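Structural overview for review
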Amino acid sequence: MSQRPAAGGRVTSAKIVIAGGFGVGKTTLVGSVSEITPLTTEAIMTSAGVGVDDNRQVPGKMTTTVAMDFGRISIDRDLILYLFGTPGQTRFWFMWDELVRGAIGAVVMVDTRRLADCFAAIDFFEHRRLPYLVAINCFDGMQYHNPQDVRDALAISSDVPVVSCDARNRESTKNVLISLVEYVLTMRRTRAVAPA
Ligand SMILES: Nc1nc2c(ncn2[C@@H]2O[C@H](COP(=O)(O)OP(=O)(O)OP(=O)(O)O)[C@@H](O)[C@H]2O)c(=O)[nH]1
Ligand SMILES: [Mg+2]
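What this report covers is the structure whose coordinates are included nearby. Going along each chain's sequence as written, the residues are numbered from 1 onward. Lettering of chains starts at A and numbering of ligands starts at 1, both following the order in which they are written. Given that this is a predicted model, residues contribute local features only at a pLDDT of at least 70 and side-chain atom pairs are listed and counted only at 80 or more, while totals for whole chains, interfaces and linings are drawn from all residues. Working from all heavy atoms in the structure, the side-chain values ignore hydrogens and water.

For salt bridges, the criterion is a side-chain nitrogen of Lys or Arg within 4 Å of an Asp or Glu carboxyl oxygen. Within the structure shown, the criterion is met by seven salt bridges. Ionic pairing is found between Glu-35 and Arg-72, a salt bridge with its closest N-O pair at 3.2 Å. Residue Glu-35 is located in the loop between helix 1 (26-33) and strand 3 (42-44), and its partner Arg-72 is located in strand 5 (residues 69-76); the two are separated by 37 residues in the primary sequence. Each residue gets one of three labels from its accessible area relative to the maximum for its type: buried under 20%, exposed over 50%, partly exposed in between, using a 1.4 Å probe on protein chains only. By relative accessible area, Arg-72 is classed as partly exposed at 28%. Here Asp-111 makes a salt bridge to Arg-113, at a shortest N to O gap of 2.9 Å. Within the structure, one salt-bridge network assembled from shared partners comprises Asp-111, Arg-113, Arg-114 and Asp-117. Secondary structure elements follow DSSP: runs of H or I of four or more residues count as helices, runs of E of two or more count as strands, with numbering from the N terminus.

Take a look at the structure:
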């Protein structure tokens, strides 16, 4: 985490990546939780994307992220998170390496109706040993599968947090980020004491 001085104390800032498959709610999460107007890079999906962009589960979706989302949230008076949302579509994944540079952790968003869409994101973070948690976006408030079933289906380690959220709700998405920060701190302590 980087540190910069602030009046009356030190403020820690950290970079978090929001990843996951196409149309899973990454831009929605950054927009709901950010305390600044988020920077977005949405492009209108045209008929040229038919057969490429599978938006059957998100029929109202008219745009897609082509570079990144950017937002900021103060978790408390001395911790600021900078949020970087990735593009979901595979043809833009060449940007992920740049987007994760310097990040302390990642949120992998999941739509349980399309679970396989998050496999690539999980592989990406596991390969780079970047701590991540899985956030189930409960579209329309429906939790179709409980977190333990999702953990089993993803075959991820038992210490990776799996949480549920509503990507449109600020309180809910803020809790996701708090869970991630707590997990990152736990991982860092564990790695610090682990024998080489
Ligand atoms: N009903 C419901 N709709 C949601 C929810 N989260 C996102 N949406 C909608 O789902 C669509 C996809 O959301 P986005 O936030 O654009 O998804 P994304 O993951 O950023 O998509 P890409 O950047 O294209 O990969 C949008 O039309 C949202 O309004 C949710 O929790 N419930
Ligand atoms: Mg997006």
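Still to come is the rest of the account.
Of note in the backbone geometry, Asp-140 takes a positive phi value of approximately 60° without being a glycine. Along the chain, Asp-140 falls in the loop between strand 8 (132-137) and helix 4 (147-154). Unlike most non-glycine residues, Ala-155 shows phi in positive territory, near 55°. Following the sequence through the fold, Ala-155 ends up in the loop between helix 4 and strand 9 (162-165). Classification of Ala-155 by relative accessible area gives exposed; the value is 67%.

Next up on the list: the packing of aromatic side chains. Two aromatic rings, drawn from Phe, Tyr or Trp (for Trp, its six-membered ring), form a pair once their centres lie within 6.5 Å of each other, and the interplanar angle then sorts them: stacked below 30 degrees, edge-to-face above 60, tilted otherwise. Taken as a whole and assessed by the stated rule, the structure comprises seven aromatic pairs. For the ring pair Phe-70 and Phe-84, a centre distance of 5.1 Å and an interplane angle of 65° mean the geometry is edge-to-face. With a gap of 14 residues between them, Phe-70 in strand 5 and Phe-84 in strand 6 (residues 79-85) connect regions that are remote in the sequence. Residue classification places Phe-84 among the buried residues on the basis of a relative accessible area of 16%. Among the aromatic side chains, those forming a connected cluster through ring pairs are Trp-93, Trp-96, Phe-124, Phe-125 and Tyr-132. Over the ring of Phe-139 we find Arg-113, and its NZ or CZ is 4.8 Å from the ring centre. Whether a charge lies above a ring is judged from NZ of Lys or CZ of Arg, which has to be within 6 Å of the ring centre and within 35 degrees of the ring normal. Sitting over the face of the ring of Phe-124, Arg-128 holds its NZ or CZ atom 3.6 Å from the ring centroid.

Keep in mind these numbers describe shape, not what the thing actually does.
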